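Chain by chain, the residues:
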Amino acid sequence: MAQAEEKIAFVKSKDDLGPRIKYNIESVSRIGDAFLINGWMVDPDEQCRSILVRKLAGKRVAVAQLTWVRFARKDVADAFPGLAKPGDLHGFAFVTTEFPDPDDATKLNINLLTKSGKAFGEFIDVREVNSFDEAITQGFGTIIAPPVNLEICKKLFAAIVEGALPLRKAATLLSLNQFGSPVSNPELSIIIPIYGNLDLMQYQIGNLINYASPTTEIVFAVDDPNLVNGALRLGQRLSGLLNLSFKVVAPTRNLGFSGINNFASQYCESRNILFLNSDCFPVQGGWEEKVVKALDEKKYAIIGARLLFMDETIQHDGIEFESKIDLPGFVLNAHPNKSLPAKIIKPNSTKEKSTCVTAAFMAIRKEVFDELGHFDEGYIRGDFEDTDLCLKAIDAGYKIGIIRDQKIFHLERLSQKNGIDNFLRNKITLTNSARQSTKWEALLSTKLPLIENI
Amino acid sequence: MKVLVISHGHPKFSAGGGEVAAYSMYSALKDAGHDANFLAWNNNANAGEMGRSIEQITATEWLISTKTEHFTFSSLNEEAINAFKIMLESLKPDVVHFHHLIHLGIELPRLVKSIVKNVKVFLTLHEYLFICANNGQMITTKGELCYGASPAACSQCFPKVTPESFFMREGYIKNCLASVDHFFSPSEFLRERYIQWGLPAERITHLENILDLDVVANKKVKPELIKEFGFFGQINYYKGLDILLDAFAIMKKTAPEARLHINGHMSEINSPEYRKLLEQKIQDLGNSVVLNGPYTKETLKARMDQVGWLVMSSRWWENSPVVIQEAWANKVPIIVPNIGGMLEGAQVQIGGVVYEARNVESLAKELTEASKMRVSEYAPLIKGLPKYSDKKPFARLVDIYKRYN
């Protein structure tokens, strides 16, 4: 590499690279051990050979030859009408983890090399990204407009996620409180994550006074340290008023859907766990007996349920995998029967298509949950970790069942915090999809067993 | 039987119809030899300070200072609730009968059952607060009559509140109400609204308010009262006094000597704009309007003796207006809108004249016809009024208590 650099003629300004090459490095972010470099380039004659990145710290010099991801930038195309060609991809971004000791990098030296042997180098300040959420919001913000393709998800967004995962500091127990007398030898432990909205905790308590049996342990898992005091006050007030026993457990930081459920599972006393979204309400007696019986018989490792919107149309009836013509390469989670009236779609009247169930209502034997390694925390913001767990179970030879004769409402998305724009949500969904299809490529290419109606 | 009647107010401090009905029920139980106690919400804004959550005002009457939030009526004051628990443990009632839960907390029926073994819990519903977030009026926020709540419809009234929130509100309230053994509704109309909302029909009984009223047995017909009209009760926008004043102004053109007696508290009108509007209309009517101020149980008969007709002009459905029973006891014929508990009062209870609700012209027409009535037409109307008695509803109440105990 050093020999190659010696043949390069460094120029003093970008303009000296040639009249038909325009580019700009817009930002350099450090995400954990990775660096995200983002910019644009107009190069109609394809004169650019490569970009070299150096980290100058002490005596060390590292150079990264990078493979970048290209994408459309309408703003750049509009700015250079004479040079930009329709269909050119002017945006670029890449992630590198090739630098040792990233902690000492406050600037990166970024060099563009042309095929004619010219080069221009500049020092760009490195912006430190301090949290997982910030990494996702900022990193995924590199792509400012659709479309998002499989290459972007697999090469760019997946690298951002991998870089960001270490930013999730280890969580320890912030708070564990029992309200009312603990349930001895519970048949079932219900984990209800609370995030963003304490009203849902109130409504859950109100519902469970009538629809949870005394042999069920209820665990509210508060996934926001800022909500813990409020949750404890609410818990104390309502347990006294409504004579309901429950635990409130909270980690020291926000863990996301997978993380909080994994964390809370440590505090469950029962052999059976039900993951229940805070906006999911069973409103018919007897559902627990059915779930517990089915789990205890060990025919099924995972049990889901038909869930209803508040107008009693189907919200969830199982999940099947599908591909879409406008999203080539992606394997997406589809929801058969969604929005159809539950009264019309009888539990056994249609041909089963689903292979997985949602974690909005998912029961599992605790030993199986431990054996499967819990929910994968690499999925972002409550998506795909449920099908991932189902695929783990299928891969291990377990069966999945579904209960369709109980009335369980799911108001969907209320349990997630708002304030996330649709495009970011779309990018997250596709990144999660890409993660799942990469991880389960072999299994997804086989015929998966269908879920069974219990 | 040991009965604890719990009300949203004490009529000594807040003389609304529901408070009066609750207190009368307690008095009737006591008079019948039951071991009855009365606990009322303390509406004094400063109450509850200095740690006085419960205050005893007589040997068997208490005030409690509680707070609730106003969407689900969840109880917020833990100190008061703790004091209430101690009170329950001490009293050990066989029956706890709530009137309203809005100030005390929707969770209290279940709380009572967790404290007192084998206690039976009853609730008298006085309006539509559990169904309707618009002050329980079942009127849309645009002012139209509402014929049935739903999450989507309620969210249209309150666009900042999602249908899902209304759905969960309804669920929370119903879940808490599941601890009530039996409901009472003072009108069939309100009963049907609650059944439509989802309360099981077999758990809700129409039971007229038990009111300890002095009953006029044989009323002497006074011809000069034919042109004397009376408005009784609280004055606010929903009670529609402005509609009555407008109709009265039209009627006055043909009956200039007619008078309107207003028996209510003008100074307690919450909205300054509405108060100003009413004051202007009253001023325009000059000496035709007599402002008598609020009335009490003691002054009720004298006020009723001043009028030949009781007129209601409420914009909302009402439940079972106490004023109708008060008119009934005093043999005063009524003129009321053709909706809800008022229509039921006129059609089922005592008979009366009905007009199209919220319609000034329709009310003016009925007022005019009433004012032109001859003695030979008016006298049979008085004589035909049935005799008021609260004995039947009281006996029914006790029967239902016994059925559950």
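The structure presented is a predicted model; accordingly, all values stated were derived computationally and were not measured.

As for the overall build of chain B
Across its full length, chain B holds 14 helices and 14 strands. In terms of overall size, chain B behaves like a compact globule, its C-alpha atoms giving a radius of gyration of 22 Å where 405 residues would be expected to give roughly 22 Å. Each of the three principal axes of chain B carries a C-alpha extent, and together these read 65 × 50 × 45 Å. Among the 405 residues that make up chain B, the fraction classed as buried is 57%. Long-range contacts, defined as pairs at least 24 residues apart, comprise 71% of the intrachain contacts of chain B with a sequence gap of at least 6. Accessible surface, chain B as shown: approximately 17000 Å² in total, 50% of it carbon and sulfur. Looking at chain B, you have 45 positive and 44 negative side-chain charges, and the mean spots of the two groups are 3 Å apart.

Some details on unusual backbone geometry
What you tend to see is this: most non-glycine residues have negative phi, and most peptide bonds are trans. Residues and elements named next belong to chain A. Cis peptide bonds are those with omega within 30 degrees of zero, and the linkage from proline 146 to proline 147 qualifies with 5°. With phi around 55°, asparagine 243 is a residue other than glycine that occupies positive phi space. With respect to the helices, strands and loops of the structure, asparagine 243 is situated in the loop between α6 (228-242) and β13 (246-251). Exposure remark for asparagine 243: the relative accessible area of 49% places this residue in the partly exposed category.

Section: helix α8 (residues 272-285) of chain B
Residues and elements named next belong to chain B. With 14 residues, α8 should cover 20 Å at 1.5 Å per step; its first-to-last C-alpha distance of 20 Å lies within 8% of that length. Of all the positions in α8, only Tyr274, Leu278, Lys281, Ile282 and Leu285 are classed as buried. Viewed along the axis of α8, the buried residues span an arc of 100°, placing them on a single side of the element. The outward face of α8, more than 90 degrees from its buried face, is lined by the exposed residues Pro272, Glu273, Lys276, Gln283 and Asp284. Those residues of α8 hidden inside the fold are in contact with α7 (241-252), β10 (259-263) and β11 (289-291). Positive backbone phi, at 55°, marks glycine 286, one or two positions downstream of α8.

Some remarks on the pattern of salt bridges
Residue and element names in this part refer to chain A. All chains considered together, the criterion is met by 41 salt bridges over all chains. Aspartate 317 is paired through a salt bridge with arginine 404; the nearest N and O atoms lie 2.8 Å apart. Residue aspartate 317 is found in the loop between β18 (314-316) and β19 (320-324), and its partner arginine 404 is found in the loop between β22 (400-403) and β23 (408-410); the two are separated by 87 residues along the sequence. Take aspartate 317: its relative accessible area is 2%, and that puts it in the buried class.

Structural notes on the environment of Lys117(B)
Residue and element names in this part refer to chain B. Relative to the elements of secondary structure, lysine 117 occurs in the loop between α3 (108-115) and β6 (120-124). Of the residues examined, lysine 117 reaches a relative accessible area of 74% and is grouped as exposed. It is 8.9 Å that separates the C-alpha atoms of lysine 117 and aspartate 94, two residues lying 23 residues apart in sequence.

Some words on the nonpolar core
Ranked by internal contacts, the top residues of the largest apolar core, which has 129 residues, are Phe361(A), Phe84(B), Phe130(B), Leu177(B) and Tyr194(B). Ranked by residues supplied to this core, first place goes to α6(A) with seven residues. Apart from the residues lying within four places of it in its own chain, the contact partners of Leu177(B) are Leu101(B), Ile106(B), Leu123(B), Phe130(B), Phe183(B), Trp197(B) and Arg203(B). If you look at the next biggest cluster of nonpolar residues, it comprises 38 residues, including Ile260(A), Phe263(A), Ala301(A) and Phe369(A).

Some thoughts on the sheet that holds strand β12 (residues 309-311) of chain B
All names here are of chain B. With parallel pairing, six strands are arranged side by side in an open sheet as β11-β10-β9-β12-β13-β14. For this open sheet the edge positions go to β11 and β14 (353-355), each flanked by a neighbour on one side alone. Along the sheet, successive strands turn relative to each other by an average axial angle of 25°, direction set aside. In this sheet, β14 lies alongside strand β13 (residues 334-337) in parallel orientation, the contact comprising three bridges. Each bridged residue has a counterpart across the sheet, and for valine 336 the counterpart in β14 is valine 354. Helix α12 (residues 360-371) rests against β9 (228-232), β12, β13 and β14 of the sheet, and its axis sits at about 155° to β14.

A short note on the pairing of strand β4 (residues 61-64) of chain B
All names here are of chain B. Every second residue of β4 is oriented toward a common face, with Glu61 and Leu63 on one face and Trp62 and Ile64 on the other, all of them buried. Bridge count between strand β2 (residues 35-41) and β4: four bridges; the pairing is parallel. In the sheet register, phenylalanine 38 faces β4, and the bridge partner there is glutamate 61. Looking at chain direction, strand β3 (residues 54-58) and β4 are connected through four bridges and run antiparallel. Looking at β4, one finds that glutamate 55 is bridged to leucine 63. Between β3 and β4, which pair antiparallel one after the other, the connecting turn spans two residues.

Here we look at the sheet that holds strand β12 (residues 216-222) of chain A
Residues and elements named next belong to chain A. Ordered in space as β10-β13-β12-β11-β14-β21-β16-β22-β24, the nine strands form an open sheet in which the pairing is mixed. The open sheet is flanked by β10 (173-179) and β24 (452-453), the only strands paired with a single partner. In the sheet, strand β16 (residues 302-305) pairs with strand β21 (residues 361-365) via two bridges, with the strands oriented antiparallel. From the neighbouring strand, isoleucine 302 faces β21, where its bridge partner is isoleucine 364. Packing against the sheet, helix α10 (residues 385-395) makes contact with β16, β21 and β22, and its axis sits at approximately 30° to β21.

Let's talk about the environment of Asp214(B)
Residue and element names in this part refer to chain B. Tracing the sequence through the fold places aspartate 214 in the loop between β8 (204-206) and β9. A residue is classified by how much of its surface remains accessible, and aspartate 214, at 55% relative accessible area, is exposed. Along the primary structure aspartate 214 and glutamate 326 are separated by 112 residues, whereas in three dimensions their C-alpha atoms are 8.9 Å apart.

Thoughts on the packing of aromatic side chains
Residue and element names in this part refer to chain B. Taken as a whole and judged by the stated rule, the model has 37 aromatic pairs over all chains. With 4.9 Å between their ring centres and 50° between their planes, phenylalanine 122 and tyrosine 401 make a pair best called tilted. Here the residue phenylalanine 122 occupies a position in strand β6, and tyrosine 401 occupies one in helix α14 (residues 391-404), the gap between them amounting to 279 residues. Neither residue differs from the other here; phenylalanine 122 and tyrosine 401 are each classed as buried. For the pair tyrosine 237 and tyrosine 238, a centre-to-centre distance of 6.0 Å together with 70° between the ring planes defines the contact as edge-to-face. The partly exposed category is assigned to tyrosine 237, whose relative accessible area is 42%. An aromatic cluster is built from Tyr128, Tyr147, Phe189, Trp316 and Trp317, whose rings are joined through pairwise contacts.

Things to note about α6(A)
Residue and element names in this part refer to chain A. Taking 1.5 Å per residue as the helical rise, α6 with its 15 residues ought to reach 21 Å, and the 20 Å between its terminal C-alpha atoms agrees with that figure. Counting buried positions over the 15 residues of α6 gives eleven, a clear majority of the element. Those residues of α6 not exposed but buried are Val228, Gly230, Ala231, Leu232, Leu234, Gly235, Arg237, Leu238, Ser239, Leu241 and Leu242. Asparagine 243 sits one or two positions beyond α6 and adopts a positive phi of about 55°.

A short note on the interface of chain A and chain B
Taken residue by residue, the interface counts 20 residues in chain A and 25 residues in chain B. Of the roughly 1900 Å² buried between chain A and chain B on both sides combined, carbon and sulfur atoms contribute 64%. Broken down residue by residue, the surface that chain A buries against chain B is led by Tyr203(A), Leu241(A) and Met310(A), which jointly contribute 34%. Linking chain A with chain B are zero salt bridges. Linking chain A with chain B are six residue pairs in polar contact (both at pLDDT 80 or more), by the criterion used here.

Some words on the confidence of the model for chain B
Low-pLDDT portions of the prediction should not be read for the details of their coordinates. Residue and element names in this part refer to chain B. Averaged over chain B, the pLDDT score is 92; the fraction of residues at 70 or greater is 98%. Mean pLDDT across the elements of chain B bottoms out in helix α11 (residues 340-349) (88) and peaks in β6 (98). Predicted complex, confidence summary: ipTM 0.89, pTM 0.89.

The rules behind each value
Residues numbered from 1 in each chain as written. Chains lettered and ligands numbered in written order. Predicted model: local features only at pLDDT ≥ 70, side-chain atom pairs only at ≥ 80, totals over all residues. Heavy atoms only, no water. Helix = DSSP H or I, 4+ residues; strand = E, 2+ residues; numbered from the N terminus. Rg over C-alpha atoms; globule rule 2.2 N^0.38 Å. Buried < 20%, exposed > 50% of the residue type's maximum accessible area, 1.4 Å probe, protein only. Contact = heavy atoms within 4.5 Å. Areas by Shrake-Rupley, 256 points an atom, 1.4 Å probe, with all protein chains shown as cover. Lys, Arg positive; Asp, Glu negative; His and termini not counted. Charge placed at Lys NZ, Arg CZ, Asp CG, Glu CD. Expected span 1.5 Å × (residues − 1). Arc of directions from axis to C-beta. Salt bridge = Lys/Arg side-chain N within 4 Å of Asp/Glu carboxyl O. Core = buried A, V, L, I, M, F, W, Y, C linked by side-chain atoms within 4.5 Å. Pairing = 2+ DSSP bridges. Axes fitted to C-alpha atoms, helices over the stretch in contact; angles between N-to-C directions. Phe/Tyr/Trp six-rings, centres within 6.5 Å; stacked < 30°, edge-to-face > 60°. Buried area = accessible area lost by both parts, 1.4 Å probe. Polar contact = N/O pair within 3.5 Å; in protein donor to acceptor, adjacent residues only side chain to side chain. pLDDT = per-residue confidence, 0-100.

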